[in-house]
Amino acid sequence: SAKGDGKAKSHVFHAQMDIDYHYKQRLKADLRLAIQEGGLTLAFQPLLDVATRKVVACEALARWNHPELGMIAPSVFIPLAEETGLISDITAWVIAEAISQCRSWPGEVGVAVNVSTRDFRGMDVEKVVDAALSAAGLPPTRLEIEVTETALIEEPEIAKSVLEALAAKGVEIALDDFGTGYSSLSYLSALPFSKLKIDRSFVQDIEANERSLRLLTNVASLGRDLDLTVVAEGVETSGQFDLLLAKTQIQQVQGYLFSRPLPARDIPELIVHLNHD
Ligand code: C2E
Ligand code: CA
Ligand code: CA
Ligand code: CA
């Protein structure tokens, strides 16, 4: 009967919730250990300049290879880290490690790191950045900080003052995942952004859908009008790249077409390889 089905379903539902709850508790405990014991690594993915076709920077992306469960996606463990406050430890480590890696890259290739909403209240982002830059002897102009709109909504005052202090030193500030959040366009002029990263959902169907292409073209020209460096994320096919070249003034690209995120040790060679093609 329908009634019986409902009961069975709700039973399954509760059992699933228990599994999710215990799984999450386990992951949180294991994540704490991984941070303490050096169980996280970084992958880096290049951003290329469209005009020169050279690598301008590489974005640091956290990786967690769990000893029993294998690779856990950042879309799983970053939110857990945010819930528990462990994110500050991760961010501090990512900043130091990414900056230290960047030192060994050829040319003036910069490094981009993601900073979470919670970091603005959980840690002194400016202090951590300063310490990491001076330890590595890297000029602030080689560093980019990527923030999403969530950070700006949840911690507007702290985020503004920290980002302004960093921008004043020459750190590049990028608005990440543009178009996916609340998209309050007022942030674009109220905060010291110099870069706009258009989310890959805008790039995804531009080959199949004329309206998607027009939307991307318009978002890109909005960024250009505001004197921002515009980046397209998630470029996967040469068809997409050709359309970007033909129809938009996007200045930088990132995506599997150019390279997947790779382990730190592969990056110097990747940069040389991409820059000689
Ligand atoms: P994100 O900052 O937007 O990073 C780009 C994500 O898109 C990465 O996923 C990257 O692997 C993926 N990607 C790049 N090119 C392509 C493409 O052509 N096609 C597709 N389908 N995907 C592409 P990843 O590494 O799984 O990271 C997911 C998200 O997790 C990141 O999105 C970021 O929000 C967060 N994250 C990763 N590492 C960190 C970190 O160290 N700190 C913080 N706070 N967040 C991080
Ligand atoms: Ca990012
Ligand atoms: Ca720079
Ligand atoms: Ca992004």
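Up top you'll find the structure we're talking about.
Residues numbered from 1 in each chain as written. Chains lettered and ligands numbered in written order. Predicted model: local features only at pLDDT ≥ 70, side-chain atom pairs only at ≥ 80, totals over all residues. Heavy atoms only, no water.

Participant: What should I look at first to understand the coordination of the calcium ion (ligand 2) in this one?
Facilitator: By definition of the ideal shapes, a tetrahedral metal site with four donors has angles of 109.5 degrees and an octahedral site with six donors has angles of 90 or 180 degrees. The calcium ion (ligand 2) binds to the protein through Glu59 (OE), Asn114 (OD1), Glu146 (OE) and Asp176 (OD), with metal-donor distances spanning 2.1 to 2.3 Å. Read in sequence order, the donor residues for the calcium ion (ligand 2) give the motif E-x54-N-x31-E-x29-D. Here the calcium ion (ligand 2) and the calcium ion (ligand 4) are spaced 3.9 Å apart, and both take Asp176 as a donor. Remark: Asn114 occurs in strand β4 (residues 110–114) and Glu59 occurs in strand β2 (residues 55–66); sequence separation between them is 55 residues. (Donors = N, O, S within 2.8 Å, 3.2 Å for Na, K, Ca; no water. Helix = DSSP H or I, 4+ residues; strand = E, 2+ residues; numbered from the N terminus.)

Participant: What exactly am I supposed to notice about the packing of aromatic side chains here?
Facilitator: Each aromatic ring pair is specified by the distance between its two centres and by the angle formed by the two planes. According to the stated counting rule, one finds three aromatic pairs in the structure shown. Seen from their ring centres, Phe44 and Trp105 are 5.0 Å apart, and the 85 degrees between their planes marks the pair as edge-to-face. Pair noted here: Phe44 is in strand β1 (residues 40–49) and Trp105 is in the loop between α3 (87–102) and β4, with a separation of 61 residues, a long-range link. Here the two residues Phe44 and Trp105 agree in accessibility, since each one is buried. Aromatic side chains Trp64 and Phe77 sit 5.8 Å apart centroid to centroid with 85 degrees between the ring planes, which places their arrangement in the edge-to-face category. Of this pair, Trp64 sits in strand β2 while Phe77 is found in helix α2 (residues 74–84), placing the two residues 13 residues apart along the sequence. (Phe/Tyr/Trp six-rings, centres within 6.5 Å; stacked < 30°, edge-to-face > 60°. Buried < 20%, exposed > 50% of the residue type's maximum accessible area, 1.4 Å probe, protein only.)

Participant: Hey, could you run me through the site of ligand 1 in this one?
Facilitator: As a structural note, the neighbourhood of ligand 1 is formed by 20 residues, with Gln45, Ala62, Arg63, Glu236 and Tyr256 the closest of them. Within the side chain of Arg63, one N or O atom sits 2.8 Å away from an oxygen atom of ligand 1. Contact between ligand 1 and Ser116: a nitrogen atom at 3.1 Å from a side-chain N or O atom of the residue. Contact with the protein chains removes 82% of the 800 Å² of surface that ligand 1 exposes when unbound. One can see that ligand 1 is located within the largest pocket. Elements that contribute at least two residues to the shell around ligand 1 include exactly β2, α2 and β6 (172–178). Top contributing element to the shell around ligand 1 by residue count: β2, with four residues. (Near = heavy atom within 4 Å. Polar contact = N/O pair within 3.5 Å; in protein donor to acceptor, adjacent residues only side chain to side chain. Areas by Shrake-Rupley, 256 points an atom, 1.4 Å probe, with all protein chains shown as cover. 1 Å grid on protein atoms, 1.4 Å probe; cavity = no way out; pocket = protein on both sides within 12 Å on 5 of 7 lines; lining within 4 Å. Sits in = over half its atoms within 2 Å of the grid points.)

Participant: Sorry, what's going on with a nonpolar patch on the surface here?
Facilitator: Together, Leu185, Leu222 and Leu226 make up a nonpolar patch on the protein surface, roughly 240 Å² of accessible area in all. A relative accessible area of 47% places Leu185 in the partly exposed class. (Patch = residues over 30% accessible without salt bridge, like charges linked within 9 Å, V, L, I, M, F, W, Y side chains within 5 Å. Salt bridge = Lys/Arg side-chain N within 4 Å of Asp/Glu carboxyl O.)

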